[in-house]
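# Descriptive analysis of the structure
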Amino acid sequence: MSRYGLLALGGNLPSKFGTPKETIVQCIKVLSGNSIHIRAISRFYQTPCFPAGAGPDFVNAAVAIHTDLNPRELLVCLHDIEAEFGRERLTRWGTRPLDIDLIALDDLVLPDADVQTRWRQLDLQTQATKAPQELILPHPRLQDRAFVLAPLLDVAPHWRHPLIGLTVAEMFAQLPETERNEPEPL
């Protein structure tokens, strides 16, 4: 069964493929060969490192996909690609050559609405120190991050969050203006 998905791509360190931008370009090529069919690619954006001061600026992008993989198979595939590009998961929100976040897959809510809501509503300090041990869909922090939402505007402005009921465009519009202005198209 083919599923529609949204992926956020980012990196702020060079990889064996080159600069962060070159790394993301190569990542998109690799994604296409792993039971993932790219349907749309956003522009590339330069965004400040999150959290502020934690490293060099990021290059971010988003892709809309179709895949026959189930959510867990897709996540394993994405983690394998990250590792191939030199990603090591040593610190939470650390610098990295490549980050691929599974933002959404159809309108799936995993593992359930209560768990997704609890993770979505965590305060920033807890988010910085605690990582879920299971796949949470939609991504619990997507509505808070201009560096995710700006690229998603290019590929899926009308995708609607199944629990909060807002589209990507509406979530982006609710961010403070200073945050909306941070992502700069390259």
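Refer to the preceding data block for the structure.
Residues numbered from 1 in each chain as written. Predicted model: local features only at pLDDT ≥ 70, side-chain atom pairs only at ≥ 80, totals over all residues. Heavy atoms only, no water.

## Some points on the environment of His 79
- Mapping His 79 onto the fold places it in helix H2 (residues 71-84).
- A C-alpha to C-alpha distance of 9.1 Å links His 79 and Asp 101, two positions 22 residues apart in sequence. (Helix = DSSP H or I, 4+ residues; strand = E, 2+ residues; numbered from the N terminus.)

## Considering helix H3 (residues 113-120)
- Here H3 has its buried residues at Val 115, Gln 116, Trp 119 and Arg 120. Around the axis of H3, the buried residues are gathered within 135 degrees of arc, so they sit on the same side.
- The N-cap of H3, judged by a side-chain oxygen 3.1 Å from the amide nitrogen of Asp 114 a few residues on, is Asp 112. (Buried < 20%, exposed > 50% of the residue type's maximum accessible area, 1.4 Å probe, protein only. Arc of directions from axis to C-beta. Polar contact = N/O pair within 3.5 Å; in protein donor to acceptor, adjacent residues only side chain to side chain.)

## Re the side chain of Arg 3
- Along the chain, Arg 3 turns up in strand E1 (residues 3-11).
- Not counting residues up to four positions away in its chain, the partners in contact with Arg 3 are Ile 65, His 66, Thr 67, Leu 69, Pro 71, Leu 105, Asp 106 and Leu 108. (Contact = heavy atoms within 4.5 Å.)

## Some remarks on the pairing of strand E4 (residues 58-67)
- Burial of E4 is extensive: nine of the 10 residues sit out of reach of the surface.
- The pairing of E1 with E4 spans nine bridges and is classified as antiparallel. Across the sheet, residue Leu 9 finds its bridge partner in E4, namely Ala 61.
- Where strand E2 (residues 36-41) meets E4, five bridges bridge the pair, whose relative direction is antiparallel. What sits directly across from Ile 36, in E4, is Thr 67.
- Pairing between strand E3 (residues 45-47) and E4: three bridges, direction antiparallel. Residue pairing for E4: Gln 46 is matched across the bridge by Val 59. (Pairing = 2+ DSSP bridges.)

## Looking at the pairing of E1
- With respect to burial, E1 is a largely interior element, eight of its nine residues being buried.
- Bridge analysis of E1 against strand E5 (residues 99-105) gives six bridges, and the strand direction is antiparallel. Bridged to Gly 5 within E5 is Leu 105.

## Focus on H2
- Taking 1.5 Å per residue as the helical rise, H2 with its 14 residues ought to reach 20 Å, and the 20 Å between its terminal C-alpha atoms agrees with that figure.
- Along H2, the residues classified as buried are Pro 71, Leu 74, Cys 77, Leu 78, Ile 81 and Glu 82. Looking straight down H2, one finds its buried side chains confined to an arc of 140 degrees; they lie on one side.
- A distance of 3.0 Å separates the backbone nitrogen of Arg 72 from a side-chain oxygen at the start of H2, and that oxygen is part of Asn 70.
- Count one or two residues on from H2 and you reach Gly 86, which has phi positive near 95 degrees. (Expected span 1.5 Å × (residues − 1).)

## Description of the pattern of salt bridges
- Tallied over the full model, the rule gives three salt bridges.
- The residue Asp 106 makes a salt bridge to Arg 3 at a minimum N-O spacing of 3.6 Å. Remark: Arg 3 occurs in strand E1 and Asp 106 occurs in the loop between E5 and H3; sequence separation between them is 103 residues.
- With relative accessibility at 17%, the residue Arg 3 sits in the buried group.
- Here Arg 43 and Asp 154 are joined by a salt bridge, their closest N and O atoms 3.1 Å apart. Residue Arg 43 is found in the loop between E2 and E3, and its partner Asp 154 is found in helix H5 (residues 146-155); the two are separated by 111 residues along the sequence.
- When its relative accessible area of 45% is taken as the criterion, Arg 43 is described as partly exposed.
- Judged by relative accessible area, Asp 154 falls into the partly exposed class, the value being 31%. (Salt bridge = Lys/Arg side-chain N within 4 Å of Asp/Glu carboxyl O.)

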